[in-house]
Number of protein chains: 2
Amino acid sequence: MDCSTVRRFDVVLSSDVLDPHNPALADLVGSDRGLVVMDGALGAAYRARLDRYLATRLPGFHVLSLAVSEQHKTMGTVLDICAAAQDAGLARREVLVALGGGVCCDLVSVAATLVRRGLPYVTVPTTLVAQVDAGIGLKGAVNFGGGKNYLGCFTPPAGVLVDPDFLRTVQPPELVSGLAEMVKIGLVRDADLVAALTAHGGRLVASGFTQPAGLGARLIARSIQLMLEELAADPYEEFELRRLADFGHTFSGRLEELSGYALRHGEAVAIDMALSSAVACETGHLTDAALAEILSVLLHLGLPITTDLATEASLLDAMRATARHRAGALNLVVPTAVGAATFLPKLSDVDVGTLARARRRIDSHASAQLQPAPLRPAPLEPAPSDLRPTVGLP
Amino acid sequence: MDCSTVRRFDVVLSSDVLDPHNPALADLVGSDRGLVVMDGALGAAYRARLDRYLATRLPGFHVLSLAVSEQHKTMGTVLDICAAAQDAGLARREVLVALGGGVCCDLVSVAATLVRRGLPYVTVPTTLVAQVDAGIGLKGAVNFGGGKNYLGCFTPPAGVLVDPDFLRTVQPPELVSGLAEMVKIGLVRDADLVAALTAHGGRLVASGFTQPAGLGARLIARSIQLMLEELAADPYEEFELRRLADFGHTFSGRLEELSGYALRHGEAVAIDMALSSAVACETGHLTDAALAEILSVLLHLGLPITTDLATEASLLDAMRATARHRAGALNLVVPTAVGAATFLPKLSDVDVGTLARARRRIDSHASAQLQPAPLRPAPLEPAPSDLRPTVGLP
């Protein structure tokens, strides 16, 4: 029996999406009834704005305010959302909405997959990590039995609504963590994006992504566009389990777990990118100068490049766990230059000696950081052709 | 972003699939490692046969023997399966196998959807209900918060292996329950199938589907073929939420719940088919004679056509719950003759008076059952063109 399905979702950029004058959210939801799952940490002011918006535009919607941290990223919380959908009497085709960071989007994605074997869902990511990465794809997941993202799903959302205005109230360390995901996609795809982030990242973070005016939205749009291009070839990961967007996502999950999630996702990704880049250098894929540039960019943006948790044992353990998740292949993404990358396919491509030498390279760069390597010169603003604001990204 | 996926699965008929000489299961699994989830009620003899088969053909497979009844059809049991997959260190592309009835197939389908965001799974349904219905489609589900099948998924299996030899050890009441699903698909699609079941159902049940020789497998193959044809138009239920295979599945779930699952699935489906047929008669879609024939067929096969649980309140409640699950539409499947059916689309198409009159018709038929309506004459065996044994159904 043939089972085909063609789904499509749009990523829409807008601003001030909780202003009742803005129809974007109601348009994307496209249902009279539903349930908004809101990260309780957004606080009372956002809750009041959400309630006003719903009263005006979506009066048939319920709200569930939830504590969502990495510790709450469990099937238990998913089932709390399912129970709220059941209590609200949601019918098929009625909608779940995630208003929050990556964990909130993940939880809603899994719950929406399960309720009545699938309700439509819309994500409104409110953190930078979620806006450029965790909130925009098909993947939802929860942690299980010590395994990060061990249970989950591939379920396309009905739509994604990205509003950089939310970033005004995001704390600087969280913004820096989000920059790591933008740098990630830039390092494997787009040197101009890396240059723009390097030149303006500090000001963007300090201003809640409002300064330089308009640049934050443009760089976010560009990051999303690159991410969607990477996802598009194999959205359900049915074919090759290798994608450039997995750069920084081989060692990072294990490091997050070992830190008890004290390490932010973007910080762990930065440490993984540093290590993967040093491995690239050790295996002859990247020049010393390019490695120095990558490490300098990360440090310049306030991201870590090393941690005591990155021991030989934990790194080998992480590589083996990743290979199990990639059907036996390591598929380590390693940069070949700033803006381009390749894969090391096999576990045997990265042995203990290579890992040890890679770590020494990073330690030596970190200890020399008072005299960082020169950064690439960057234009004050990226070329408009690359980074135009995009509404309704493909 | 476009998200397309094309999957395909085969339903393979075989016999004696746990004989180590039979490669069918190992071929369908197509992986060196995996986990077989076995309904513990199959008992020690089947476990010993399974262990021998695995030792010979699939030595990298683990076995999890589980108590699976309707009471165990919960996310808790799904998570037990996920934990066993995690303990076994299963990698992506390694396989879950369900060996058991409909509940076992449902649980494995949901678990396989979630583990690592999707492992392949194979079902080996061992009951008649599962072989012709519950074990062969894309749908998996568990009960939740008093809602039957409230949480679940649409995930195509990697393959389905149907072996009528398992029916030799299934108790007669369970076989009768399975006949209800075969009668169901016959009543909406194929009068010849209904005639064959009527003529030979008693002997098939009494012989564990071994007599008349070969007929059981042919009727099962025909039922599966019709079921897959019904599923094929809209396998993910993305378009219209109406399908003829939902005949008997509007009131039945609520009745099962109200009985505390003392009522078997097929029994509840039979009561629902009787009621839906009487509604068809009341609304001018079915002749009195055809209704009498349908009710007689059900009674003749040993299936119930009424229950004290079918009160006005419970039936209205069931219709409303079903409509929520069909996005507001009732889409009650009603026969227009033996072998053909249509839909009553709206809740308002079936009012309290219609339900009451329909119930009176059934009660009056039931009380007159000592003199059943004459059954259609049936050929001793169905025409070979309709019911040829099928291996690798489309």
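Located above this text is the structure these notes cover.
Structural notes, computed from the coordinates. Along each chain, the written sequence defines residue order, and numbers are assigned to residues from 1. Here every chain gets a letter starting at A, and every ligand a number starting at 1, in the order they are written. A pLDDT threshold of at least 70 governs which residues receive local features in this predicted model, and a stricter bar of 80 or more applies before side-chain atom pairs are shown or counted, although totals over entire chains, interfaces and linings include all residues. For the side-chain quantities, the full set of heavy atoms in the structure was used; hydrogens and water were omitted.

1. Remarks on the packing of aromatic side chains
All names here are of chain B. Rule in force here: Here the aromatic set is Phe, Tyr and Trp, taking the six-membered ring for Trp, and pairing holds for ring centres within 6.5 Å; pairs whose planes are under 30 degrees apart are stacked, those over 60 apart are edge-to-face, and all others are tilted. By definition, any uninterrupted DSSP run of H or I lasting at least four residues is a helix, any uninterrupted run of E lasting at least two residues is a strand, and each is numbered from the N terminus. Here's how the labels work: a residue is buried when its accessible area is under 20% of the maximum for its type, exposed when over 50%, partly exposed in between, all with a 1.4 Å probe on protein chains only.
Counted under the stated rule, the structure contains 4 aromatic pairs over all chains. Pairing Tyr 46 with Phe 166 gives two aromatic rings, centres 5.4 Å apart and planes at 40°, and the pair type is tilted. Separated by 120 residues along the polypeptide, Tyr 46 in helix 2 (residues 43-57) and Phe 166 in the loop between strand 9 (159-162) and helix 6 (172-189) bring together distant segments of the chain. When sorted by exposure, Tyr 46 lands in the same class as Phe 166, which is buried.

2. What to know about the sheet that holds strand 5 (residues 95-100) of chain B
Residue and element names in this part refer to chain B. What counts, and what does not: We treat two strands as partners when DSSP finds at least two bridges between them. The axes used here are C-alpha line fits, helices contributing only the stretch in contact, and every angle between their N-to-C directions lies in the interval 0 to 180 degrees. Should any heavy atoms of two residues lie within 4.5 Å, those residues are considered in contact.
The 6 strands are arranged 2-9-6-5-3-4 in an open sheet whose pairing can be described as parallel. A strand with exactly one partner marks an edge of an open sheet, and here the two such strands are strand 2 (10-13) and strand 4 (61-66). Within this sheet the neighbouring strands show an average axis-to-axis angle of 15°, counted without direction. With respect to the sheet, helix 4 (residues 102-114) is in contact with strand 3 (34-39), strand 5 and strand 6 (121-125), its orientation differing from that of strand 5 by roughly 165°.

3. Some remarks on the pattern of salt bridges
Formally: Whenever Lys or Arg places a side-chain nitrogen within 4 Å of a carboxyl oxygen from Asp or Glu, that contact is recorded as a salt bridge.
In total, this model carries 55 salt bridges over all chains according to the counting rule given. Salt-bridge contacts for A:Arg8 lead to B:Asp2; the nearest nitrogen and oxygen are separated by 3.6 Å. With A:Arg8 in strand 1 (residues 2-8) and B:Asp2 in strand 1 (residues 2-8), this residue pair bridges two chains. By relative accessible area, B:Asp2 is classed as partly exposed at 47%. Where A:Glu237 meets A:Arg243, a salt bridge forms, and the shortest distance between an N and an O atom there is 2.8 Å. Of the two residues examined, A:Glu237 and A:Arg243, each falls in the buried class.

Purely spatial values, then, with no claim about function.
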